[in-house]
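Structure at a glance
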Amino acid sequence: MPSTSRCEMWVYATPPVSCSHPAHKLCNPGRLLPMRTRLRIVESTEAWFHFAEHNTNWRTEILAGATTFITMAYIIFVNPSILAHTGMDLASVTIATCLCAAFGSILMGALANYPLALAPGMGLNAYFTYTVVLKMGVSWQVALGAVFISGIIFLLLTIGGIRQRLVGAIPHQLHSAVAGGIGLFIAFIGLHNSGIIVSDPVTFVTLGNLHAPGTLLAIFGIALIAVLQAFRVKASMLIGVLSTVALGIACHQVHYQPSTLSLAALKQTAFHLDLRGALHLHFFDIIFVFLFVDLFDNIGTLVAVTDRADLIPRSGPNAHTIPRLDKIFFADATSTMVGALAGTSTVTSYIESASGVAVGGRTGVTAITTGILFIAAIFVAPFVGAIPDFATAPALILVGALMVAGASRIEWNEPRVAIPAFLTLITIPLTYSIATGLSFGLISFAALELVTGRGRRQHWMLYLLAVLFLVRFIYMAS
């Protein structure tokens, strides 16, 4: 009999590759690829994403992507519910949200090789709906045109290197402060979503009802994730969230209404933007707000996640600089433009990406996995919607704890650094704005550098940023 050892080097794959071995007519359906070829493809893919450099593997990256998706899946339902108040079709915006999140996340992962997931930004969607459309009386079509124009400006600023210089002007001493402030921010959101803290008319916040079913389930999730992390279980976040959902189902605390989505619904918002209307001088303020808020929220998120993932070099010629920054901003700007074309508000990087980083995500495979899951969410949206706030809250709280750990790198004994760092840390969660916290930190840092005679040691763009933030505060107060 002819030797069959050659078959050991073949596995099924696409595209079809035929085997010429005469004894393999029955076992080879014409869709076989040599094992060596498959291994070379895998190795080249791992090399492209720098797996060895980041000491990671496929299992960790895919797990991280799934964790990121679960913690930010709420946007699939929250974003459409907000934009629907403008008169936009709910089903259409839901599909646009999923597609834009998928496009942005996959582009970020494939092009920039970062574990950053993108989706329509919270805050900006509220500004789009309640301020621009409902308060100012602008049609949602014109508002989408303004979002698209802001994306074009983003792209031009990226090509010109201006956005990269703005990030480079942020003192590296504040990187850990921004990361810590955002950690407190998302932990605060998690504590609120879990019901552990609630609003109070006298003290602003207070302890919630710890006997409420949802709060008890959230506490269970926090305890479970904490124990798993203590044992160094990489899947702790994902296991904690899914276990909390499962317990919630058993306790009849998880509710959802089955429904279906048709891709044809997208035509209700896709390509309905009004560019001519948005180009009127009257709408310059709207474009500026979309541009400004997204720019600095995105910078804050970028600095925080890359710092937490230890992707920023601490020494050497490129110390304290973020690699491939132009590609990151290109993906962000392009995603905003695609989002406006599809029918949703500004697309931006999500701080929930830190949850994937916390379980080991270090490369673009994490973001690509998140993007693929957003595509799948179009077809299983009702089940994704079954994940309640009390299930994702524990992940947010403990990711926040991990991010605050970076504050240990702040020079607390040096007032020039400690004061701006503290203002950044405290104002991000208390003002509910990354951009505002970054504003306080940069303005105070620049002021202290000037009054102590160290002004020339900093890049001139730091002072430009400080002035821009001051103008922002003046504009907000007017």
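Residues numbered from 1 in each chain as written. Predicted model: local features only at pLDDT ≥ 70, side-chain atom pairs only at ≥ 80, totals over all residues. Heavy atoms only, no water.

Inspection of the secondary structure puts Ser176 in helix 9 (residues 175-194). Residue class for Ser176 comes out buried when judged on its relative accessible area of 6%. Those residues in contact with Ser176 that sit more than four places away from it in its chain are Asp307, Gly406, Arg409 and Ile410. (Helix = DSSP H or I, 4+ residues; strand = E, 2+ residues; numbered from the N terminus. Buried < 20%, exposed > 50% of the residue type's maximum accessible area, 1.4 Å probe, protein only. Contact = heavy atoms within 4.5 Å.)

Right, let's talk about the packing of aromatic side chains for a bit. On inspection of all chains with the given rule, the structure shows 6 aromatic pairs. Here Phe51 and Trp58 contribute two aromatic rings whose centre-to-centre distance is 5.0 Å and whose plane-to-plane angle is 55 degrees, an arrangement assigned as tilted. According to the relative accessible area criterion, Phe51 is buried, its value standing at 4%. Where Phe128 meets Phe290, the ring centres are 6.3 Å apart and the plane angle is 40 degrees; that geometry is what we call tilted. Here Phe290 lies in helix 13 (residues 284-308) and Phe128 lies in helix 6 (residues 124-135), a separation of 162 residues in the sequence. Here the aromatic residues Phe185, Phe188 and Tyr432 are joined through ring pairs into a cluster of three or more. (Phe/Tyr/Trp six-rings, centres within 6.5 Å; stacked < 30°, edge-to-face > 60°.)

For the rest of this paragraph, the subject is the pattern of salt bridges. Counted under the stated rule, the structure contains 3 salt bridges. Note that Glu449 is salt-bridged to Arg416, the shortest N-O span being 2.6 Å. With Glu449 in helix 20 (residues 434-451) and Arg416 in helix 19 (residues 415-431), this pair connects stretches of sequence that are 33 residues apart. Note on accessibility: Glu449 and Arg416 belong to one class, buried. Between Arg454 and Glu449 there is a salt bridge, with the nearest N and O atoms lying 3.8 Å from each other. Under the relative-accessibility criterion, Glu449 is labelled buried at 0%. Several salt bridges converge on common partners, so that one network encompasses Glu414, Arg416, Glu449 and Arg454. (Salt bridge = Lys/Arg side-chain N within 4 Å of Asp/Glu carboxyl O.)

Here helix 18 (residues 389-404) spans 22 Å end to end across 16 residues, near enough to the 22 Å set by a 1.5 Å rise per residue. In terms of burial, helix 18 is largely enclosed, as 12 of its 16 residues are buried. Every buried residue belonging to helix 18 is among Phe390, Ala391, Thr392, Ala393, Pro394, Ala395, Leu396, Ile397, Leu398, Val399, Gly400 and Met403, and all of these are buried. (Expected span 1.5 Å × (residues − 1).)

Right, let's talk about the confidence of the model for the protein for a bit. Mean pLDDT for the protein: 84, with 88% of residues reaching 70 or above. Confidence drops under pLDDT 50 across residues 1-19; counting only partners more than four residues distant or on other chains, this segment forms 44 contacts. Considering only residues more than four positions removed or in separate chains, one finds that residues 21-30, a stretch of pLDDT under 50, has 19 contacts. (pLDDT = per-residue confidence, 0-100.)

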